[in-house]
Amino acid sequence: ARAGGGPGMAERAAFERRVLRSAAPHHYLRVRLELPDGGARPNAAQFKQLVVTALRELHGEVGAALPVDVLTYEEKTLSAILRVISSGLVKLWSALTLLGSYQNRRCAFRVLQAVFCSFLFFLYPNQTSPFLLALSGNSRELVLD
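Residues numbered from 1 in each chain as written. Predicted model: local features only at pLDDT ≥ 70, side-chain atom pairs only at ≥ 80, totals over all residues. Heavy atoms only, no water.

The name that an unreviewed UniProt entry assigns to the protein chain is RPP14 protein, with the source organism given as Xiphorhynchus elegans.

This is the structure:
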């Protein structure tokens, strides 16, 4: 045996690290804006501007230049589906999470769902998909037998 290692040490120390990246070019986020103080609700253009403002405040002009598309927006529920290039997902998510005000009123973005596939129809709640099964439950409460 070598110094510092016992029998079987080579077998235990041998490992291979693999990092897999999503092959999907875009990520989709279903988000909701919460305005606890009430007041005026943003229209679609104002909502998009709020997303860009969040990116600019956290990541500067580079963040504000991140290509984010508002694919759908419901003013009644203040919910939207956003599309972002996969490499910008973390920047967008962090910017939305840390945004705290809209027109000098408290606000918060809630990310309701995140999907990294090319099939947008999976995001709608009345659709079912095996790809979204992982998003349907809390993995911390998973019991394995």
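Back to the text.
Draft legend 1. Here's a closer look at the overall build of the protein chain. A tally of regular secondary structure across the protein chain gives three helices and six strands. In the protein chain, the succession of α and β elements from N to C terminus is α-β-α-β-β-α-β-β-β. In the protein chain, the proportion of contacts linking residues at least 24 apart, taken out of those at least 6 apart, comes to 67%. Total accessible area computed for the protein chain in this model is approximately 10,200 Å², and 55% of it derives from carbon and sulfur atoms. (Helix = DSSP H or I, 4+ residues; strand = E, 2+ residues; numbered from the N terminus. Contact = heavy atoms within 4.5 Å. Areas by Shrake-Rupley, 256 points an atom, 1.4 Å probe, with all protein chains shown as cover.)

Draft legend 2. View of the sheet that holds strand β3 (residues 79-85). The four strands are arranged β2-β3-β1-β6 in an open sheet whose pairing can be described as antiparallel. At either end of the open sheet lies a strand with only one pairing partner, and these are β2 (68-74) and β6 (108-115). In this sheet, neighbouring strand axes are inclined to one another by 25 degrees on average, regardless of whether the strands run parallel or antiparallel. In this structure, β2 lies alongside β3, joined through six bridges in antiparallel fashion. Bridge pairing in β3 links Asp69 to Arg83. (Pairing = 2+ DSSP bridges. Axes fitted to C-alpha atoms, helices over the stretch in contact; angles between N-to-C directions.)

Draft legend 3. Expanded view of the packing of helix α2 (residues 44-64) against helix α3 (residues 89-98). The contact between α2 and α3 brings their axes to 8 Å, and the two run at 115 degrees. As for the relative orientation of α2 and α3, their crossing is right-handed in sense. Between α2, through Val51, Ala54, Leu55, Leu58, His59 and Val62, and α3, the contact on the second element is made entirely by Lys91, Leu92, Ser94, Ala95, Leu96 and Leu98. Among the residues making up the contact of α2 with α3, the classes are represented as nine nonpolar, two polar and one charged. (Left-handed = near helix turned anticlockwise from the far one by under 90°. Nonpolar A, V, L, I, M, F, W, Y, C, P; charged D, E, K, R; others polar.)

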